[in-house]
Amino acid sequence: MNDLIPLVNKLQDVFNTIGSDQIDLPQIVVVGSQSSGKSSVLETIVQKDFLPRGNGVVTRRPLVLQLVNTHLGSMGHSSVSSDGTPNEAPDRAEFLHLPNKQFFDFEEVRKEIEAETARVAGQNKAISRTPIHLKIFSKNVLNLTLVDLPGVTKIPVGDQPTDIEKQTRNLILDYILKPNSVILAVSPANVDLANSDSLKLARQVDPEAKRTIGVLTKLDLMDAGTNSLDILSGRAYPLRLGFIGVVNRSQADIQVNKPMADAFKSETEFFQNHPAYRAIAHRCGTNFLAKTLNTILMNHIRDKLPDIKAKLNSLIGQTQQELTSYGDPTFTGKAHRGSLILQLLTKFASDFVAAIDGTSAEISTKELCGGARIYYIFNNVFGAALDSVNPCENLSVQDIRTAIRNSTGPRPSLFVPEIAFDLLVKPQIKLLEPPSLRCVELAYEELVKICHNCGGKDLSRFPRFHAKLIEVVSDLLRERLGPTSDYVESLISIQRSYINTNHPDFIGGGGAMSALERASQKKKKDVDRTRRLSAVNMALAGNGSDSPAREENPEKPLSSAMANLSVHQAAERADRERERERLNHVSQHGGPNNISTSSVNGSPHGPNSGSKDTFMNYFFGGQQQRNDRPILQESIHRSGNVHNVAKEMVMPKTVLDGEPLDFDKKMDYMTDSEEFSGLNEREDMETQLIRSLITSYFNITRKSIQDLVPKAVMHLLVNYSREAVQNRLVATLYKEELFNDLLQEDDNLCAERAKCKAMLDVFKNAFTIINEAM
Ligand SMILES: Nc1nc2c(ncn2[C@@H]2O[C@H](COP(=O)(O)OP(=O)(O)OP(=O)(O)O)[C@@H](O)[C@H]2O)c(=O)[nH]1
């Protein structure tokens with residue numbers, strides 16, 4: 001049973017080797033205000049002068065004091081010689097920070113405490129939280145583990161910061177908060193107990209006063225006629241572990257170096273002779289205090305050991321798990337290297353494939369990743385980028401006019417030939433190239449990102465191998481980037497190489513025409529309606545707004561206006577019918593089909609065998625047309641009003657007014673307009689038409705690019721790398737001569753593993769110690 005305290009000391013030693021405070025070991029913590037007599041109590045218990053002395057703050061670092069009784073025999077420190085006779089080993093001390101040094105002179109111990117305090121907490125009065133561990137082996141001590149703490153101070157002195165009181169309180173609280181600590185609350189008897197700092201602190205953490213033992217010092221300094229019997233008998237301040245009164249050496253005793261034995265004797269006499277304490281003298285004094293503390297500590301340890309054992313058990317489990325996560329170093333041995341490399345490499349490759357396929361086990365629910373992100377790039381990013389391209393970007397009116405004129409050669413022409421459309425639409429298609437190439441890049445970047453996240457925790461052990469795997473896959477991806485981009489570039493070039501105006505989805509000249517016609521008719525209708533309404537209004541106004549005649553025959557003015565309009569509309573309808581017939585005739589007799597764009601320049605091609613009109617021929621007319629005049633050009637030219645253009649476009653000049661077209665006038669006009677100083681409505685119309693044709697054609701191309709680029713990226717980049725990754729990794733990295741380098745472990749990880757291993761050994765060791773003792 002008495003072995004329990006050495007057992008805890010041993011556990012403490014074991015834990016100290018790794019600096020672990022994960023186990024809250026039972027210990028007695030000495031708490032009190034400054035100069036309350038804490039050090040004196042400890043010295044009397046140890047019966048040695050070994051603690052620093054002085055004015056003001058002396059204890060500036062926690063002192064963990066292990067007392068080991070050498071007379072009774074203690075664990076690891078045999079006090080019995082081999083022949084069985086008691087071993088009268090001299091009392092000695094050892095510091096944890098000086099493992100190979102034993103102190104037999106306790107004056108030296110004091111100096112070492114002072115030096116060690118100054119080393120960490122500085123020369124002046126500052127305090128430090130780092131404890132000093134001191135072990136005292138003596139035949140005169142009972143097994144005890146005590147912690148001496150700096151006293152609670154109120155006013156900062158020396159180097160002490162302004163919040164010294166708070167700092168000391170926090171330091172004390174750190175120790176006494178642990179449920180396995182027993183609080184030794186020291187209070188001087190010559191100060192009112194109500195003001196005792198130690199009891200106030202103890203009450204904070206142990207409100208039921210279950211683990212607090214009170215010590216009253218300086219009983220000899222109480223005013224004459226007063227005593228602390230009420231306190232010592234537990235009536236004034238109830239503590240489950242009670243109060244014990246002691247008398248330490250006074251300052252004067254210390255100055256004259258009063259021996260411990262004499263002080264001990266004086267104390268005994270004090271209690272036995274004191275009228276108030278005589279009856280309880282056997283429960284007073286340092287000797288009784290030491291015995292009580294020993295019993296309390298042992299009982300406490302006995303109570304707490306099962307908990308400590310359980311805690312150790314779970315710590316062993318956790319640490320074992322952590323250790324496993326660092327990987328087994330023996331597995332990197334020569335015999336296993338190849339298979340380890342292959343296993344890690346395969347895991348990396350399959351992670352890469354799984355991330356692309358979206359079958360990865362660690363798939364994120366927070367953000368898109370891997371393959372899903374690539375699809376997002378295709379569908380959303382790329383789609384939006386293409387949509388944002390304006391088909392007529394950078395295409396000014398002047399560009400359109402210039403293209404028309406350049407393509408018609410030196411002779412200003414009335415026709416807008418296909419070659420001009422080609423010239424204009426090709427650069428616009430080129431606008432699709434940057435977003436397409438960006439799409440390739442984004443998919444590539446995503447694949448690079450994917451490969452950085454492959455391999456899992458196992459690979460973090462081998463940073464070089466991990467880096468190499470990433471490098472090889474990155475190389476593979478980079479190799480594919482070139483051909484994929486080239487292919488995508490050529491997709492755009494392909495689109496630009498042939499402008500297929502026969503594409504079934506292309507709006508064509510007819511389509512553009514009817515669109516414009518519809519727009520124009522709508523406008524015309526609006527004009528007519530306005531005209532009609534004003535006629536009605538005028539008629540109404542003629543009858544007088546309040547005329548009874550209006551009531552008699554309100555329809556009259558309206559029907560006459562309507563009749564006028566009907567005549568006008570009927571004439572228009574007849575005109576339109578005639579023009580349609582004419583166009584049909586031209587079309588059926590091969591007119592437009594025989595007219596190529598070059599016919600504009602006077603070099604007609606042979607007859608076109610296709611039955612479908614090319615949009616330009618249909619739209620802008622050809623040589624076979626009557627008077628060699630393209631309908632549109634004439635219509636636009638003649639029209640003074642843009643609203644009438646559509647009407648004129650479907651009506652041959654002759655039908656409209658029978659006047660022959662004045663070509664010289666037209667030439668003048670074209671020459672004059674070279675300055676581009678403002679377009680007339682005809683030019684405005686032409687430009688609009690060209691724009692809508694370009695837009696129509698551009699949209700067809702955009703659609704096909706939007707479809708083809710992702711397919712190309714999937715085929716040439718994503719699927720290619722997905723399928724090649726494993727082979728590439730094996731071919732590049734599965735080489736005997738690389739194994740050593742690749743399996744070089746991370747230094748930090750090795751250190752962590754060693755620390756974890758040491759910790760596990762300590763826990764296992766502690767567990768065995770407890771198991772053997774229980
Ligand atoms: N007469 C008398 N003096 C005592 C007693 N206990 C302590 N003293 C004196 O009180 C002073 C302070 O005692 P310490 O033991 O140094 O007090 P402490 O609480 O350890 O002080 P710090 O470490 O500075 O917080 C010393 O001069 C002691 O001699 C006692 O029971 N009787």
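All values derive from a computational prediction rather than experimental measurement.

## Thoughts on the packing of helix α14 (residues 433-452) against helix α16 (residues 463-497)
Now for step 1: In contact at an axis separation of 9 Å, α14 and α16 are set at 165 degrees when each is read in the N-to-C sense. Taken together, α14 and α16 sit at an angle that is classed as roughly antiparallel. Seen from above, α14 lies across α16 with right-handed handedness. Between α14 and α16, the contacting residues are E433, S436, L437, V440, Y444, L447, V448, C451 and H452 on the first element and H466, I470, V473, S474, L477, R478, L481, T484, S485, V488, E489 and I492 on the second.

## Some words on the environment of L305
Now for step 1: Following the sequence through the fold, L305 ends up in helix α9 (residues 286-325).
Now for step 2: Exposure remark for L305: the relative accessible area of 3% places this residue in the buried category.
Now for step 3: On a C-alpha basis, the gap between L305 and L25 in space is 9.1 Å, while along the polypeptide they are 280 residues apart.

## A closer look at unusual backbone geometry
Now for step 1: Even without being glycine, S35 reaches a positive phi, approximately 65 degrees.
Now for step 2: With respect to the helices and strands, S35 occurs in the loop between β1 (27-32) and α2 (38-46).

## Quick notes on the site of the ligand
Now for step 1: If you check the shell around the ligand, you find 22 residues, and the closest are K38, S39, S40, N248 and Q251.
Now for step 2: S39 is positioned such that a nitrogen or oxygen atom in its side chain is 2.7 Å from an oxygen atom of the ligand.
Now for step 3: D220 has a polar side-chain atom sitting 2.9 Å from a nitrogen atom of the ligand.
Now for step 4: Surface burial for the ligand is 92%, taken as the share of its 640 Å² of free accessible area covered by protein chains.
Now for step 5: With respect to the pocket detection grid, the ligand is positioned in the largest pocket.
Now for step 6: Broken down by secondary-structure element, the contributors of at least two residues to the shell around the ligand are α2 and α7 (251-255).

## Re the layout of surface pockets
Now for step 1: What the largest pocket holds in volume is close to 560 Å³.
Now for step 2: What lines the largest pocket is a set of 25 residues, and nearest its centre among them are S35, G37, S40, R53 and Q251.
Now for step 3: Elements that contribute at least two residues to the lining of the largest pocket include exactly α2 and α7.
Now for step 4: The element that contributes the greatest number of residues to the lining of the largest pocket is α2, accounting for 3 residues.
Now for step 5: Considering only residue class, the lining of the largest pocket consists of 5 nonpolar, 15 polar and 5 charged.

## Examining the environment of E723
Now for step 1: Looking at the secondary structure, you find E723 in helix α25 (residues 681-733).
Now for step 2: For E723, a relative accessible area of 58% puts it in the exposed group.
Now for step 3: Note: C-alpha distance between E723 and V353 (370 residues apart in sequence) is 8.2 Å.

Thresholds, definitions, all that
- Residues numbered from 1 in each chain as written.
- Predicted model: local features only at pLDDT ≥ 70, side-chain atom pairs only at ≥ 80, totals over all residues.
- Heavy atoms only, no water.
- Axes fitted to C-alpha atoms, helices over the stretch in contact; angles between N-to-C directions.
- Helix = DSSP H or I, 4+ residues; strand = E, 2+ residues; numbered from the N terminus.
- Parallel < 35°, antiparallel > 145°, perpendicular 65-115°, else oblique.
- Left-handed = near helix turned anticlockwise from the far one by under 90°.
- Contact = heavy atoms within 4.5 Å.
- Buried < 20%, exposed > 50% of the residue type's maximum accessible area, 1.4 Å probe, protein only.
- Near = heavy atom within 4 Å.
- Polar contact = N/O pair within 3.5 Å; in protein donor to acceptor, adjacent residues only side chain to side chain.
- Areas by Shrake-Rupley, 256 points an atom, 1.4 Å probe, with all protein chains shown as cover.
- 1 Å grid on protein atoms, 1.4 Å probe; cavity = no way out; pocket = protein on both sides within 12 Å on 5 of 7 lines; lining within 4 Å.
- Sits in = over half its atoms within 2 Å of the grid points.
- Points joined across faces, edges and corners; volume = space filled by probe spheres on them.
- Nonpolar A, V, L, I, M, F, W, Y, C, P; charged D, E, K, R; others polar.

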